[in-house]
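One-letter residues, chain by chain:
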Amino acid sequence: MGEVLAIAGFGTSTPIIPFFLGDLGITDPQAVKLYTGLLQTLPAISMMIMAPIWGSLADQFGRKPMLLRAMFGGAVILCLQGFVSDPWQLLLLRTIQGMLTGTVGAATVLVASVSPEEERGYALGLLQMSIFLGNSLGPLLGGYISDFYGHRINFFATAILLLLGGFIVSIFATDDFSPPAQRKSFVKSLVPDFSPLRGTERKALWTLLAIVAADQVAGSITSPFLPLFIKTISTASARIASDTGLVIAAAAISSSVAAVLIGKISYRLGYRRTLVFCMGGAALFTLPQAFVSSVTQLLVLRVMSSFFIGGNMPSVNALIAVKTPREKQGSMYGLRSSVASAGGAIGPAIGSALAIGFGYGAVFIATGTVLAIAGIAVPLFVSMREKREKVNAESV
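Residues numbered from 1 in each chain as written. Predicted model: local features only at pLDDT ≥ 70, side-chain atom pairs only at ≥ 80, totals over all residues. Heavy atoms only, no water.

1. What to know about the overall build of the protein chain
Defined as follows: Every helix listed is a DSSP run of H or I at least four residues long, and every strand listed is a run of E at least two residues long, numbered separately from the N terminus. Radius of gyration means the value over C-alpha atoms here, while the globule rule gives 2.2 Å times the residue count to the 0.38 power. Only protein chains enter the accessibility calculation, which uses a 1.4 Å probe. A residue is then buried if its area is under 20% of the maximum for its type, exposed if over 50%, and partly exposed in between. Residue contacts are defined here by distance: any two heavy atoms, one from each residue, within 4.5 Å place the two residues in contact. For the accessible areas, the method is Shrake-Rupley and the probe is 1.4 Å, while residue cover comes only from the protein chains on display.
Secondary structure assignment for the protein chain yields 17 helices and zero strands. In summary, the protein chain has a C-alpha radius of gyration of 20 Å against a globular reference of 21 Å for 396 residues, a match within 12%. Seen through its principal axes, the protein chain has C-alpha atoms that stretch 55 × 40 × 30 Å. Here the protein chain holds 396 residues, and 58% of them are scored as buried. Contacts in the protein chain between residues far apart in sequence, at least 24 positions, make up 85% of those at least 6 positions apart. Element-wise, carbon and sulfur atoms account for 69% of the exposed surface of the protein chain, whose accessible area totals about 16,200 Å².

In structure tokens, the structure reads:
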């Protein structure tokens, strides 16, 4: 529940960023595209740098404190964003937001560390469902807040939801963390332990990180420009924010359902087969989005593509936990978040260039292409490891 509120909070303010730029005096269409890309890229870069450090601290001092840091720190930064009067102030605060937050990575390592191995895929699927559910509620709430109360109020709503999520985690979440026998000093704890990447499971871990990167690049290419694309095909200008919230919410609900269903069955079906199927389906339904002429058409295709996208991460996250020693999982999930943030930084930059040079349709074509390439790569690099993984899993 805490992660649902946290993600819903971020989802409340993020979709209205392009429209909020207009309130700050950015009206030139090309400038709006540029700032929209920067406001997605800079926080992703700062999160990419900090995520492994926070993960290393989780290995030394506990998983729950890191999740609380992300939620309460994010609440303060988002509240401050509601008071900005200039685009550079928003850019600065969004960059700091990336440094302090990262609730998904913190929650993932907490869930993975307390879940039984045979139920880990399902537990991570439930977490993924919470993330997608938050993504469905947040934009829907944010769209209506913008339409009726103005864009600025969204940032205060985000801060409140993050505070509520932090209080729920502090009261109800459990952490069976045991400090290492030889705890490092705080300064040494800032250095992540990436030794699993050099160990016997290095090929599997590098492959999984590459899949995370591809998935995040594909998702982040499209998302910053979805509100602007909807504006070009919407027939009701007064409902643009609401239509944007509806499309994002429906897609997130679809992904949340898939995360639980596929997280539950992928343990038996095999992770390789599941990933190939999901990435192929996501590519198939993403490419036609470049050619839609109405919000309804876009809504249907986003729901379908999001269902397949939702099935990717539970399997990947479960495999990372299986392949990594428990005492080093914080560092590896921190690196996973870092790789995801790198993909999140690269994606909007690519999207900005494509949108400016070729129009919004090219953004969807690029997204589908990345997903298709990732789907083709999975059987080339994961097939043998997949067979061994199933044998090990069934012997538990």
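Moving on, there is more to tell.
2. Structural notes on the packing of helix α1 (residues 2-13) against helix α7 (residues 120-149)
Applicable threshold: Fitted lines through C-alpha atoms serve as axes, helices being fitted only where they are in contact, and the angles separating the N-to-C directions of these axes extend from 0 to 180 degrees. Angle categories are assigned with fixed cut-offs, so that under 35 degrees is roughly parallel, over 145 is roughly antiparallel, 65 to 115 is roughly perpendicular, and the rest are oblique. Should the near helix be turned anticlockwise from the far one by less than a right angle, the crossing is termed left-handed; should it be turned clockwise, right-handed.
Contact pair α1 / α7: the axes reach a minimum separation of 6 Å and the direction vectors enclose 40°. Classified by the angle between their axes, α1 and α7 sit oblique to one another. The chirality of how α1 crosses α7 is right-handed. In contact with Glu3, Val4, Ile7, Ala8, Gly11 and Thr12 of α1, α7 contributes Leu127, Ser130, Ile131, Leu133, Gly134, Asn135, Leu137, Gly138, Pro139, Leu141, Gly142 and Ile145.

3. Comments concerning helix α11 (residues 226-233)
With six of its eight residues buried, α11 lies for the most part within the structure. The complete set of buried residues in α11 reads Leu226, Pro227, Leu228, Phe229, Ile230 and Ile233.

4. Quick look at the packing of aromatic side chains
Here is the rule: Stacked, tilted and edge-to-face are the three classes assigned to paired rings of Phe, Tyr and Trp, where Trp is represented by its six-membered ring and a pair needs centres within 6.5 Å; plane angles under 30 degrees give stacked, over 60 edge-to-face, the rest tilted. The rule is short: NZ of Lys or CZ of Arg within 6 Å of the ring centre and within 35 degrees of the ring normal puts a charge over the ring.
Taken as a whole, this structure holds nine aromatic pairs when the rule is applied. A ring pair is formed by Tyr144 and Phe148, whose centres lie 6.4 Å apart and whose planes are at 10°; its orientation type is stacked. Highlighted residues: Tyr144 and Phe148, both in helix α7, separated by four residues, approximately one helical turn. Residue classification places Phe148 among the exposed positions, given a relative accessible area of 62%. Ring-pair connections join several aromatic residues into one group, and the members of that group are Phe277, Phe285, Phe307 and Phe308. Its guanidinium or amino end placed over the ring of Trp54, Arg69 lies 3.9 Å from that ring's centre, counting from NZ or CZ.

5. Quick look at the layout of surface pockets
As a reminder, the rule being used: Only protein atoms enter the 1 Å grid used here. Points where a 1.4 Å probe fits but cannot escape make up a cavity, open sets with protein on both sides within 12 Å along at least five of seven lines make up a pocket, and a residue lines them when an atom lies within 4 Å of a point. Grid points are joined across faces, edges and corners, and a volume is the space filled by probe spheres set on the points. In this count, Pro and Cys sit with the nonpolar residues alongside Ala, Val, Leu, Ile, Met, Phe, Trp and Tyr, while Asp, Glu, Lys and Arg are called charged and the others, Gly among them, polar.
Approximately 410 Å³ is the volume attributed to the largest pocket. Forming the walls of the largest pocket are 18 residues, and the residues nearest its centre are Met1, Leu110, Val111, Leu127 and Ala173. Those elements giving two or more residues to the lining of the largest pocket turn out to be α1, α6 (103-114), α7 and α8 (153-172). The residue inventory of the lining of the largest pocket, partitioned by class, reads 13 nonpolar, four polar and one charged. As a volume, the second largest pocket reaches approximately 280 Å³. Taken together, 16 residues line the second largest pocket, and the ones lying closest to its centre are Asp59, Pro180, Arg326, Glu327 and Lys328.

6. As for the environment of Ile376
With respect to the helices and strands, Ile376 occurs in helix α17 (residues 361-394). With relative accessibility at 58%, the residue Ile376 sits in the exposed group. In this structure, the C-alpha to C-alpha distance between Ile376 and Val276, residues 100 residues apart in sequence, is 7.2 Å.

7. Regarding the packing of helix α12 (residues 240-269) against helix α13 (residues 271-286)
It is at 7 Å that the axes of α12 and α13 come closest, and there the two elements cross at 130°. What the angle tells us is that α12 and α13 run oblique. On α13, the residues that touch Ile262, Ser266, Tyr267 and Leu269 of α12 are Tyr271, Arg273, Thr274 and Cys278. Its residues placed into classes, the contact of α12 with α13 shows five nonpolar, two polar and one charged.

8. Some thoughts on a nonpolar patch on the surface
For clarity, the cut-off: By definition, no residue in a patch forms a salt bridge, and every one has over 30% relative accessible area; like charges are joined within 9 Å, nonpolar side chains (Val, Leu, Ile, Met, Phe, Trp, Tyr) within 5 Å. Note on definitions: salt bridges are taken to be side-chain nitrogens of Lys or Arg within 4 Å of carboxyl oxygens of Asp or Glu.
On the surface, Leu140, Tyr144, Phe148, Tyr149, Ile153 and Leu246 cluster together into a nonpolar patch covering about 650 Å² of accessible area. Among the elements that line the nonpolar patch, the one with the most residues is α7, at four residues. Inspection of the secondary structure assignment puts Leu246 in helix α12.

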